[in-house]
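A look at the structure
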Amino acid sequence: MTDILLSEYMNSVTSDGQIADGPVRNMVSEDTGLVTNMEGSRNILNEFFRTTYSLDEETSDSESVRYDGDISIGMATSVVDLIVEQLPRQAGLNVLDVGCGKGLVLRTLVDRLVSPVLTGIEPNEAAKKRIVADPKLKQVCLTVMDEVIEAEKKFDLIILNNVLEHVPDPIDFLKRISSLLASEGILFVGVPNFANNPIDLLTFDHLSRFTPRTLCAIFETVNLLPIRRSFGANQVSMDWIVKRRSRSRSTTGRTVGSVIEELEGARRNQRWLDECIEEIPNRINLAKGKTQPVVIYGTANLWPGLIALGRSQEDDVNHIVDDNESRWGSRRWGRVIESPEYVF
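The notes below deal with the structure included here.

How each quantity is defined
Residues numbered from 1 in each chain as written. Predicted model: local features only at pLDDT ≥ 70, side-chain atom pairs only at ≥ 80, totals over all residues. Heavy atoms only, no water. Axes fitted to C-alpha atoms, helices over the stretch in contact; angles between N-to-C directions. Helix = DSSP H or I, 4+ residues; strand = E, 2+ residues; numbered from the N terminus. Parallel < 35°, antiparallel > 145°, perpendicular 65-115°, else oblique. Left-handed = near helix turned anticlockwise from the far one by under 90°. Contact = heavy atoms within 4.5 Å. Nonpolar A, V, L, I, M, F, W, Y, C, P; charged D, E, K, R; others polar. Phe/Tyr/Trp six-rings, centres within 6.5 Å; stacked < 30°, edge-to-face > 60°. Buried < 20%, exposed > 50% of the residue type's maximum accessible area, 1.4 Å probe, protein only. Arc of directions from axis to C-beta. Pairing = 2+ DSSP bridges. Right-handed = clockwise from strand over helix to strand, strands pointing away. Core = buried A, V, L, I, M, F, W, Y, C linked by side-chain atoms within 4.5 Å.

1. Topic: the packing of helix H6 (residues 170–178) against helix H7 (residues 212–221)
Where H6 meets H7, the axes come as close as 10 Å, and the angle between the chain directions of the two elements is 50°. In terms of their interaxial angle, H6 and H7 are classed as oblique. With respect to the hand of their crossing, H6 and H7 are arranged in right-handed fashion. Contact residues: Pro-170, Ile-171 and Leu-174 in H6; Ile-218, Phe-219 and Thr-221 in H7. Of the residues in the contact of H6 with H7, the class split is five nonpolar, one polar and no charged.

2. Overview of the packing of aromatic side chains
In the structure shown here, the tally under the stated rule is seven aromatic pairs. Relative to Phe-49, the ring of Phe-48 has its centre 4.9 Å away and its plane inclined at 85°; by these criteria the two rings are edge-to-face. Ring centres of Phe-231 and Trp-240 lie 5.6 Å apart, and the angle between their planes is 40°; on these two criteria the pair is classed as tilted. With relative accessibility at 2%, the residue Trp-240 sits in the buried group.

3. Digging into H6
Every buried residue of H6 is listed here: Pro-170, Phe-173, Leu-174, Ile-177 and Ser-178. Projected onto a plane normal to the axis of H6, the buried residues spread over an arc of 125° and lie on a single side.

4. A closer look at the packing of helix H2 (residues 75–84) against helix H3 (residues 104–112)
The interhelical angle for the contact between H2 and H3, taken along N-to-C directions, is 50°, at an axis separation of 9 Å. On the basis of their axis angle, the class for H2 and H3 is oblique. Judged by the sense of rotation from one axis to the other, the crossing of H2 with H3 is right-handed. Here Met-75, Ala-76, Thr-77, Val-79, Val-80, Asp-81 and Val-84 of H2 lie close against H3, whose contacting residues are Leu-104, Val-105, Thr-108, Leu-109 and Arg-112. Looking at the contact of H2 with H3, its residues break down into eight nonpolar, two polar and two charged.

5. Some words on the sheet that holds strand E14 (residues 224–230)
In spatial order, the strands read E10-E9-E8-E11-E12-E15-E14; together these seven strands make up an open sheet with mixed pairing. Strands at the two margins of the open sheet, each flanked by one partner only, are strand E10 (141–143) and E14. The mean inter-strand angle of the sheet, taken between neighbouring strand axes irrespective of direction, is 20°. One ladder, built from six bridges, connects strand E11 (residues 155–161) with strand E12 (residues 181–192); its direction is parallel.

6. Some points on the side chain of Thr-36
Within the secondary structure, Thr-36 is located in strand E5 (residues 35–37). If near-sequence neighbours (up to four positions away) are discounted, Thr-36 is found in contact with Arg-25, Asn-26, Met-27, Arg-42 and Leu-207.

7. Observations concerning the pairing of E12
Of all 12 residues making up E12, 10 are buried, and the element is well covered by its neighbours. Taking the sense of rotation as the criterion, the β-α-β connection linking E11, H6 and E12 turns out right-handed.

8. Examining the nonpolar core
Formed by 29 residues in total, the largest nonpolar core has its most connected members in Val-98, Ile-158, Leu-160, Leu-164, Phe-173, Leu-174 and Leu-187. When contributions to this core are tallied by element, the ones reaching two or more residues are strand E8 (94–98), helix H5 (145–151), E11, H6, E12, H7 and strand E15 (237–244). Tallying contributions element by element places E12 first for this core, with four residues. In this view, Leu-160 contacts Val-98, Phe-173, Leu-174, Ile-177, Leu-187, Phe-188, Val-189 and Gly-190; residues no more than four positions away in its chain are not counted. In terms of nonpolar packing, the next biggest core, distinct from the first, is built from 28 residues, Val-13, Leu-273, Val-294 and Trp-303 among them.

Just geometry here; none of it tells us what the structure is for.
Encoded structure:
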């Protein structure tokens, strides 16, 4: 396999918006088109997720939201809506949520399934405390991956929501996970879509930057068949339901043309990010020179990325606003997150 260096940054930002004192090194495969971060959290995974990572930590209910036009829907509801379409309507389904966070998806499944048997794996200590304290999640069995594999229990549903992009070897990981599926079990996989997310090139703890094509190639390699997918033309998140193929087949999905398109897409995303890194600080300086207020709209990672790279400073902006009301009043990057209506 031949890899090409796409970009390298000595400082970066975590996927939960923290400025990281650590590098990313983006390599793109000439054989598959997959972009891989060869640095980042790769060598410190256990400690990073146990103590550092803290996505949507504001309250027990705060979560990312997804938008369909002007309509917003919570991440957990969006995920569960897709899942329940594919599950049989029977009591006592065995569910495993790997990287369950503070239990938002599990909590939603409690409301949507009949007496599910819930198992969660979560390395983060703060998130586990939230699960233990949640009266709705008292039935959840918290465990670790090795114990699940040793028990040889089979699951009707396994959830990997924003997990696969964090693991060093997604092929080996999916092989292990799919071995835990019951004969008719389904696997939910939710990852960011790099095709719509060039900012991901700055993300410290994302080790693979998937597109629909590169992810499908991995599914095929590990003998998984996509049966449902959900993502829009401009959405960052992409969700998949897959199951084990009844029989294996040779991997023939990749063509020279498809790999070339992936390479071109990666380079296009890199150019977009390079332009942002140059242009946004210039625009901020221009506004400050005219004593105009500077407002950052949204809590995605471009702004902290500019701070991490030393191109901007926290006090360069006057306001940070976000449509997600669960983040209003929380503090990020030296500012309190405000509602658009309040600022504008």
